[in-house]
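# Close look at the chain arrangement
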Amino acid sequence: MKILGIETSCDETCAAVVEDGRRVLSNVVATQVEVHRKYGGVVPEIASRAHLEALVPVVAEAMEQARTGLDAIGAVAAVYRPGLIGSLLLGLAAAKTIAWLRDRPLVGINHVESHIYAACLERAGLPFPCVSLIVSGGHTSLYFSEGPRTHSLLGATTDDAAGEAFDKVAAILGLPYPGGPSIDRAAERGNPAAVRFSRPWLAGDSLDFSFSGLKTAVLYHVRGHGADVKKRETRLSEQETADVAASFQECVVDVLVGKTLKAAEARGVDRIIVGGGVAANRRLRARFQRDAAAAGLELFIPQVRYSTDNAAMVAGLAFHYAREGLFAGLDLEARA
Ligand code: KG4
Ligand code: ZN
C-alpha cells in the first residue's frame, strides 16, 4: 500500500509517498529557515503563511517524484499533534481535503511517534521491543517501545529540550541560526575537554533530563571570559568558541548516550532507537555507534534526512495504522 504523508508541525513543509511502511518513493521538504533567520527563531504566524504557500507545490512534487497518481494512494496521513497549532491545521486540512476528494481514508499521526518510526524506514525488520530516545527542538524523551504504535514514557526533560539547548547555546556563542547544525560544525574544530561542564545526571537512577542549568553554565563561562563581565556580548576567539561548542556538545552527548544505555539495561532490551532533529548531530551519532556496540546493543538511527522533520516517517508509520484499520474521521482536530 502506498501512503501519502504530510508533515507541517513546525517550520518545514513536508510531503512524502512511502510504500508498505518502508520503501520511500519520495520525500520532499521545503524549509523555511531563510524566512525565520532574521528573527532568530520560528515565528508561528509566518510559519503558517509559508506552509499555506508551499503545501500544494510540495504535495505535487512528492506525487511526481514517486511517479504515482492520487488514484494509487491507499491512504492520506498527516501529523495532527504536537506542534504549532496554525502550522498543524494547514497540513491536516490539506490531508483531509485530498482524502475527502479522492474518497481515501485519513490517518492522524503523532509527530513524536513518527520520529521514533524514522529509524525503521528503508530497513528490513522492525526493532521492537526496544528503548527509544527522541531528541528534537521540542522533545527529549526516552520510551520503552513495544511496537510502532506502542510507547511508554520512561523519562523526559524537566526544562529545555536538547535541540532548544543547542539553539540557545549557539545564540550565546554568536553562531548563526539555526543553532544545532552551527554547534555541530563549530565543535569539529574544538576540544571537547577544554571546559569541563558538570553533567546533569539528576538524582539516582533518574531517566529524566535537564539542560537549562548547562545553558546557564555556558552563558556564565562566556561572559566571565572577557575583562568586562557586565558587557553582554563577550567576544571569544574563533578557537575559544569552537572549544566551548565542543565541550557543551560533549556534555549533552554524554548524558543522552549514558541515560539511553542505562534505560536499555533496565528494560532488558538489546536494541535502541535514536531519532529527532538532534539525531542529525555527528558527534551524537558517532558516540551512539561506538557505545552501543561496546554495550552489545543494536542501534537503529535514521539517515540524517529522516532525523530532522520529514513526511516519510509520517507516511511510513501510517502504514501500521492503516493495516489495523485505525483511521481518523474528517473531524480530527489539530492539537498544539
Ligand atoms: O525534529 P526537528 O527537525 O524539529 C522538531 O520536532 O523540533 O528538530 C529540530 C532541532 C533543532 O533544535 C535543531 O537545532 C536541532 O534539531 N538540530 C541539531 C542538528 N540538526 C538539527 N542539533 C544538533 N546538531 C545537529 N546537526
Ligand atoms: Zn520534529
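If you're wondering where the values come from, they're calculated on a predicted model, not measured in any experiment.

Definitions and limits used
Residues numbered from 1 in each chain as written. Chains lettered and ligands numbered in written order. Predicted model: local features only at pLDDT ≥ 70, side-chain atom pairs only at ≥ 80, totals over all residues. Heavy atoms only, no water. Pairing = 2+ DSSP bridges. Helix = DSSP H or I, 4+ residues; strand = E, 2+ residues; numbered from the N terminus. Near = heavy atom within 4 Å. Polar contact = N/O pair within 3.5 Å; in protein donor to acceptor, adjacent residues only side chain to side chain. Areas by Shrake-Rupley, 256 points an atom, 1.4 Å probe, with all protein chains shown as cover. Buried < 20%, exposed > 50% of the residue type's maximum accessible area, 1.4 Å probe, protein only. Core = buried A, V, L, I, M, F, W, Y, C linked by side-chain atoms within 4.5 Å. Salt bridge = Lys/Arg side-chain N within 4 Å of Asp/Glu carboxyl O. Donors = N, O, S within 2.8 Å, 3.2 Å for Na, K, Ca; no water. Axes fitted to C-alpha atoms, helices over the stretch in contact; angles between N-to-C directions. Contact = heavy atoms within 4.5 Å. Disulfide = S-S within 2.5 Å.

## Focus: the pairing of strand 3 (residues 23-31)
Where a strand is regular, its side chains alternate between the two sheet faces. Where strand 2 (residues 12-19) and strand 3 come together, eight bridges link them in antiparallel fashion. Across the sheet, the residue bridging to Ala-15 is Val-28, located in strand 3. Counting the residues that bridge the hairpin from strand 2 to strand 3 gives three residues, and of these Asp-20 lies at a positive phi of roughly 55 degrees.

## Quick notes on the site of ligand 1
Around ligand 1 sit 18 residues in total, of which His-111, His-115, Gly-137, Asp-167 and Asp-184 are the nearest. Contact between ligand 1 and Gly-163: an oxygen atom at 3.2 Å from a main-chain N or O atom of the residue. The separation between an oxygen atom of ligand 1 and a polar side-chain atom of Asp-167 is 2.6 Å. For ligand 1, whose accessible area on its own is 550 Å², the fraction buried by protein is 87%.

## Some remarks on unusual backbone geometry
Cis geometry marks the peptide bond from Phe-128 to Pro-129, where omega comes out at 0 degrees. Structurally, Pro-129 can be placed in the loop between helix 4 (111-117) and strand 6 (130-135). The step from Tyr-177 to Pro-178 runs through a cis peptide bond, and the omega angle for that step is -5 degrees. Among the secondary structure elements, Pro-178 is positioned in the loop between helix 5 (162-172) and helix 6 (179-187). Although it is not a glycine, Asp-20 sits at a positive phi angle of roughly 55 degrees. Of note, Asp-20 is situated in the loop between strand 2 and strand 3. Residue class for Asp-20 comes out partly exposed when judged on its relative accessible area of 37%.

## Quick notes on the nonpolar core
Core analysis: the largest hydrophobic core is formed by 61 residues, its most contacted members being Ile-3, Leu-4, Ile-6, Val-59, Ile-109 and Leu-121. It is helix 11 (residues 312-323) that contributes the most residues to this core, nine residues altogether. Among the nonpolar cores identified, the runner-up in size contains 48 residues, and Val-169, Val-255, Leu-256 and Ile-272 belong to it.

## Observations concerning the pattern of salt bridges
Working definition: two side chains of opposite charge can pair if their charged atoms are close together. Tallied over the full model, the rule gives 18 salt bridges. Taking the shortest distance from any N to any O, the salt bridge between Arg-37 and Glu-34 comes out at 2.7 Å. Highlighted residues: Arg-37 and Glu-34, both in helix 1 (residues 33-37), separated by three residues, approximately one helical turn. Taking the shortest distance from any N to any O, the salt bridge between Arg-282 and Asp-184 comes out at 2.8 Å. Here Arg-282, found in helix 9 (residues 282-294), pairs with Asp-184, found in helix 6; they are 98 residues apart in sequence, far enough to count as distant.

## A closer look at the coordination of the zinc ion (ligand 2)
Protein-derived coordination of the zinc ion (ligand 2) comes from His-111 (NE2), His-115 (NE2) and Asp-309 (OD), at a distance range of 2.0 to 2.2 Å. Each donor residue of the zinc ion (ligand 2) belongs to the same chain, and together they define the spacing H-x3-H-x193-D. Highlighted residues: His-115 in helix 4 and Asp-309 in the loop between helix 10 (304-307) and helix 11, separated in sequence by 194 residues. Owing to a relative accessible area of 15%, Asp-309 belongs among the buried residues under this scheme.

## As for the sheet that holds strand 3
Read across the open sheet, the five strands follow the order 3-2-1-4-5; overall the sheet is mixed. What marks the edges here is a single partner per strand, and that holds for strand 3 and strand 5 (106-110). Mean inter-strand twist for the sheet, computed between neighbouring axes without regard to direction, equals 20 degrees. With five bridges joining them, strand 1 (residues 2-7) and strand 4 (residues 73-81) adopt parallel strand pairing. Bridged to Ile-6 within strand 4 is Ala-78. Across the face of the sheet, helix 2 (residues 44-65) comes into contact with strand 1, strand 2, strand 3 and strand 4 while running at roughly 25 degrees to strand 2.

## With respect to the state of the cysteines
Under the criterion given, the structure shown has zero disulfides. Not engaged in a disulfide, the cysteine Cys-130 finds its nearest cysteine sulfur in Cys-120; these two sulfurs lie 7.4 Å apart.

## What about the sheet that holds strand 8 (residues 150-156)?
The strand order across the open sheet built from five strands is 8-7-6-9-10, with neighbouring strands paired in mixed fashion. Of all the strands in the sheet, the pair left with one neighbour each is strand 8 and strand 10 (298-300). Each neighbouring strand pair of the sheet contributes to a mean axis angle of 25 degrees, computed without reference to strand direction. When strand 6 meets strand 7 (residues 140-147), the two strands line up antiparallel, connected through six bridges. Residue pairing across strands places Ser-132 opposite Tyr-143, the latter belonging to strand 7. With respect to the sheet, helix 9 is in contact with strand 6, strand 9 (271-275) and strand 10, its orientation differing from that of strand 9 by roughly 180 degrees.

The quantities given are spatial measurements derived from coordinates; they are silent on function.
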